[in-house]
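# Tertiary structure, described
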Amino acid sequence: QVQLVESGGGLVQPGGSLRLSCAASGSIFRSSAMGWYRQAPGKQRELVATITSSGSTNYADSVKGRFTISTNNAKNTVYLQMNSLKPEDTAVYYCNIFVQNALTWGQGIQVTVSS
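Residues numbered from 1 in each chain as written. Predicted model: local features only at pLDDT ≥ 70, side-chain atom pairs only at ≥ 80, totals over all residues. Heavy atoms only, no water.

### Some details on the pairing of strand E4 (residues 33-39)
In the sheet, E4 pairs with strand E5 (residues 46-52) via 6 bridges, with the strands oriented antiparallel. Looking across to E5, one finds that Tyr37 is bridged to Leu47. As paired strands, E4 and strand E9 (residues 91-99) are joined by 7 bridges and run antiparallel to one another. Bridge pairing links Trp36 to Cys95 in E9. (Pairing = 2+ DSSP bridges. Helix = DSSP H or I, 4+ residues; strand = E, 2+ residues; numbered from the N terminus.)

Right, dumping it as structure tokens:
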């Protein structure tokens, strides 16, 4: 019913930038929040950033000041602008949406930061 499709990942050098996009479709009327998480090999999935329907944002300390989460005006797409990327940012990034009292996850998209 609810699907998320991520795009914009890839390989970038340290200090570079990427912009991830996540397009939501289905029954997302009055969703409460959208966000980005990431999971590096051998590590647990961790919060990157969230944004509520009212526009409030929250960031992991490790990305604060470097990453920016935002939505389009229809609030059916969430973006993650990633600047000053570091090798430790390398992970699979997952977007999610809280709607109908549940979390729906995207398929994940690879971000690799390497010189």
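From this point, the narrative continues.
### A word on the sheet that holds strand E3 (residues 18-26)
Judged by pairing direction, the sheet is antiparallel, and its 4 strands sit side by side in the order E1-E3-E8-E7 without closing on themselves. Looking along the sheet, the strands with just one partner apiece sit at the ends: strand E1 (2-7) and strand E7 (67-71). Averaged over all adjacent pairs, the angle separating strand axes in this sheet is 15°, with direction ignored. Two strands pair when backbone bridges link them, and E1 and E3 are joined in this way by 6 bridges, in the antiparallel orientation. Bridge pairing links Gln3 to Ser25 in E3. (Axes fitted to C-alpha atoms, helices over the stretch in contact; angles between N-to-C directions.)

### Considering the state of the cysteines
A complete count under the given rule lists 1 disulfide for this structure. The disulfide partner of Cys22 is Cys95, and the gap between their sulfur atoms is 1.9 Å. Looking along the S-S bond of the Cys22-Cys95 disulfide, the torsion reads about 50°, which is the right-handed sense. With Cys22 in strand E3 and Cys95 in strand E9, this pair connects stretches of sequence that are 73 residues apart. The exposure class of Cys22 is buried, given its relative accessible area of 0%. (Disulfide = S-S within 2.5 Å. Buried < 20%, exposed > 50% of the residue type's maximum accessible area, 1.4 Å probe, protein only.)

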